[in-house]
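Chain by chain, the residues run as shown.
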Amino acid sequence: MKKWAAIGLLAMFLFYVATNATGFYTELLWFRSLGYENPFWTMYTTEYLIGFVYFAVFWIIIGLNILIASRVKSVVVKPGGEVFQQQLQFFAKPAKLIFFGLLLFISYIMAAAPATKWMRVLQFFNSESFGELDSVFQKDIGFYVYELPFYQSIINWLFGVLVVTIIATAAVHVYKRAVNFTPQGVSLGQFTRRHIMVLIGLILFLYAFDYHYSQYDILYKDNGIVVGAGYTDVNAALTGFMLMQVIALVGACGAFISAFKGTWRWLIGSVILQFGAAFLLLNIYPSLIQRFVVKPNELEKEKPYIEENIKQTRRAYELDRITEKDFKYDLALTSSDIKANNATIKNVTLWDYRPLRDSYSQLQEIRPYYNFYDVDIDRYFVNGEYRQVMLSARELNLQKIGSDNWINKTFIYTHGHGIVMSPVNVVTTEGQPEFFIKNIPPEKSVDITLERPEIYFGELQGIDDYIVVKTSKEEFDFPLGEKNQHTFYKEDAGVGIGSFARKAMFAIRFGKFNFLLNDYIQPESKIIYYRNINDRIKKLIPYIKLDKDPYMVAENGRLYWIYDGFTTTDQYPYAKMSYEKSSSPFGAGITYNYIRNSVKVVIDAYNGSTQIYSFNSETDPLIRVYSKIFPGVFKPIQDMPEYLRKHLRYPQDLFDIQAKLFTFYHVDDANVFFNREDEWNIATEKYGDDVKRMESYYVIMRLPGESKEEFLLMVPFTPNTKPNMIAWFCARSDGDNYGKLLVYKFPKSELVYGPLQVESRIDQTPEISEKLTLWNQQGSSVTRGNLLVIPINNSVLYVEPLYLQSQQSKMPELKKVIVAFDNYIFMEDNLENGLEKIFGGNFAAFNRDKQSAATAETASAVTDKNVSAISSETAKAIRDLSRSAMDNYNNAQDALKKGNWTKYGESLERLKKDLEKLAERSKGIK
């Protein structure tokens, strides 16, 4: 029986070794196939070396103490203790085996935990200066980011080791009968007592270092008023930490004296002194200072620390790079202004990505096993015009293949095919998107080349979705009528699997011994794994946080994925901490108080080649440290091909983080910040039937004072307790302006409608609300899309698309567009008709090609001539009078409903005067 048990244990051990060895080697082969073998060895050797060092130190400390304890002599058993000692001896032999097995397990845990933090060690030995000092300790920020976590982790680890050592040592003393158990209690031998006292003294000694490094933690406190050290922390808690370092050393000396004298008195006094002093100095004393010194004069006391918090938070999140400008708001927008901003109007995003994904799925998935995982937004020069487009990759969903077997998944159904692309603002007569690129194989109406449309790497693949290419079996390429088009893989991606040894390795790795028996695999065959682009990048650069939304680019005849990466830390002094929830970009539970978009990753969708580029290396010390640790991994952004660089966009995740923080940290006055007098909110809107915070959105528009339109990311702000708009925030993405952040503030003397106010006015417009109610009652549902705030010149235009969807259909149709400006709100079949209703003129040419547009412009020249001839002063006067007339009309209607005939007559009289003034102003305008 013992023989078979031994054989079983040996087999389990060999299987464990084989699976880990094959896992390690196949990982190495994968890194090597991508040209990243050096970082593989850096990561793995560092992790294993750290684990070995901690494992060795653990056994040196605990082994030395066990050796000392094992040499102790047994004490004389006191009367009454014989029974206890006999019972202990009965369990001694099995307990010994369990004891060392348990210690071996604990040592593995104690070594593995710090080994997983291998980057902390590499950062410590490759640290760089931030060039900035904190205001309390006058240390470089690099000390807090790279060195402090390293020191604190060692101290915490040593605490754990000493606690385990005390327990293990006590167990050995019991085993050696140096502890006497009697019905009256437990007595220790003299040597045992001294040994335990020395170990406790070492813990007290270690506390001195712990208090020293814990004092820096005051720079990360958040007491609701100040993020970082406040008055109490600097003037009370810091003093307490300094005194506790001395008290801890005194306590350690007391423990050592106790060990020398062999009495517990000094040790007990030392422990009481240390923990009592800690309670008084680190809790009671700071609480008293806070209550009786700070609270009565809180603003005065906390002001310099609030200013430091504002300063460092703005630095940590690059809010200090935001340029604030005044938006000279007026309502003097004319049809000629609209035409002068043709590119802006032509790129208004009528297609919201949420209903558009459903439309793509219904119209272009072609077969059940194709899926559009996400819809991306980008800009292209299309037939010579700068156009904003929506696009999505047609990926293969292995879960929807009819015959779900290993052969199909591994050799035949290997890739998705092509993309769909449509302009953001063009709608067919059926309410569907008009496609620039569609169908399989791709059909194009634009000058975008696409010679390699196959998608082997994407967002839908699971971590174990491997395929084998260059086999004797043809791969399914795309459906072609009643037949299927087949192909063979034509490039060199993947890891060789042609030999028997390689087949055996991958059979063990993936648990599929079919690899050994399959006849399709040829000597030149390759296995491709880690096809999910997120998993792929996390394997290569696990220390970089990734944006939640990669986007696809069609350039140079190929398809590429672009991923934004971020360097982060939670160790930046005085900066506001960001806590991420489950829906966050970086995953639940992630905290950070410093972030930079310093990494751009490009993955070829066909061959999986992965290029990693460093961004902002001049201003981000973290990316410089990573580049030092992994030389050659991060290429300079200048090395990225120009055809890809022109598609870089400011990441939405980072923009949203900055926008959220800027609602508080746009204030640089400590008094205002303390009293929360000028807090902002990200504007809210009505999407569908719910009121929710607006999502930031990409738009092509011309910034005030600029000569041409550009690709921007923007979001509007409102005051904290009011719905009107107070400012709008944008990030630029084109050319040399990439990454520039701007906030345009509206005049405080002007009322600028916020998105939710416009939504309310839409609901209060009878012509619109009645139709919405009617449609919702006729077996259809109406979805209100994203309300767009479009600044044009010094005015603001509001646009909201409406989607109709029948209860039997999953395909939404874009049927109406609501356009609002000043007091005008119209719901029309398209944006152009809405603009014509408000401004006059003819805008039908906006969505046509250049030749037909020129014809339409000529036809509408007479109409526009009179409209454009109106001066901005006259236009403003007319709009003011129109607004006054509308207000008087509404007041008259309210008075009529209430039966207030006096007020009704007064309102009508004022309305009459407004109309007379309008008639006078309109003379000469045809």
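Going by the structure above, here's the rest.
Attention here is on the structure that accompanies the text. None of the values given here were measured: they were computed from a predicted structure.

Within the secondary structure, Pro747 sits in the loop between β32 (741-745) and α22 (755-763). For Pro747, a relative accessible area of 25% translates into the label partly exposed. Residues Pro747 and Tyr329, 418 residues apart in the sequence, show an inter-C-alpha distance of 6.9 Å. Once you skip the residues sitting within four places of it in the chain, Pro747 turns out to touch Phe327 and Tyr329.

In this section: unusual backbone geometry. The amide bond that connects Ile440 to the next residue, Pro441, takes the cis arrangement and shows omega of -10°. Here Pro441 lies in the loop between β9 (437-438) and β10 (443-444). Backbone geometry at Asn439 places phi at a positive 65°, although glycine is not the residue there. Tracing the backbone through its elements, the reader meets Asn439 in the loop between β9 and β10. A positive phi angle, near 65°, is found at Asn616, a position not held by glycine. Looking at where Asn616 falls in the secondary structure, it is placed in the loop between β24 (610-614) and α18 (621-629). Overall, the relative accessible area of 25% leaves Asn616 in the partly exposed class.

Ordered by their spatial adjacency, 3 strands build an open sheet running β13-β17-β16, and the pairing between neighbours is antiparallel. Each end of this open sheet is capped by a strand with a single partner; those strands are β13 (467-469) and β16 (495-496). For β16 and strand β17 (residues 526-528), the ladder comprises 2 bridges, and the chain directions are antiparallel. The residue of β17 that forms the bridge with Gly496 is Lys526.

To continue, consider the packing of aromatic side chains. Scanning all chains against the criterion turns up 73 aromatic pairs. On the numbers, 5.6 Å between centres and 85° between planes, the contact of Phe24 with Tyr44 is edge-to-face. You can see Phe24 sitting in helix α1 (residues 2-34) and its partner Tyr44 sitting in helix α2 (residues 37-70), a full 20 residues away along the chain. For Phe24, a relative accessible area of 25% puts it in the partly exposed group.

Turning our attention to the environment of Ile623. Topologically, Ile623 is positioned in helix α18. It is 8.9 Å that separates the C-alpha atoms of Ile623 and Arg596, two residues lying 27 residues apart in sequence.

Moving on: the pattern of salt bridges. Under the criterion given, the structure shown has 37 salt bridges. Close ionic contact of Arg596 with Glu318 constitutes a salt bridge, the shortest N to O distance being 3.5 Å. With Arg596 in strand β23 (residues 594-604) and Glu318 in the loop between α10 (298-316) and β3 (322-326), this pair connects stretches of sequence that are 278 residues apart. Note that Lys526 and Asp492 form a salt bridge whose closest N and O atoms lie 2.7 Å from each other. Pair noted here: Lys526 is in strand β17 and Asp492 is in the loop between β15 (483-487) and β16, with a separation of 34 residues, a long-range link. In this structure Lys526 comes out as buried when scored by relative accessible area, which is 15%. Asp492 gets classed as exposed once you look at its relative accessible area, which sits at 56%. The structure contains a network of salt bridges with shared partners spanning Lys686, Glu759, Asp763, Arg784 and Glu800.

On to α18. Listed as buried for α18 are Pro621, Leu622, Ile623, Val625, Tyr626 and Ile629. Put simply, Asp620 is the residue that caps the front of α18, since its side-chain oxygen is 3.1 Å from the backbone nitrogen of Leu622.

What counts, and at which threshold
Residues numbered from 1 in each chain as written. Predicted model: local features only at pLDDT ≥ 70, side-chain atom pairs only at ≥ 80, totals over all residues. Heavy atoms only, no water. Helix = DSSP H or I, 4+ residues; strand = E, 2+ residues; numbered from the N terminus. Buried < 20%, exposed > 50% of the residue type's maximum accessible area, 1.4 Å probe, protein only. Contact = heavy atoms within 4.5 Å. Pairing = 2+ DSSP bridges. Phe/Tyr/Trp six-rings, centres within 6.5 Å; stacked < 30°, edge-to-face > 60°. Salt bridge = Lys/Arg side-chain N within 4 Å of Asp/Glu carboxyl O. Polar contact = N/O pair within 3.5 Å; in protein donor to acceptor, adjacent residues only side chain to side chain.

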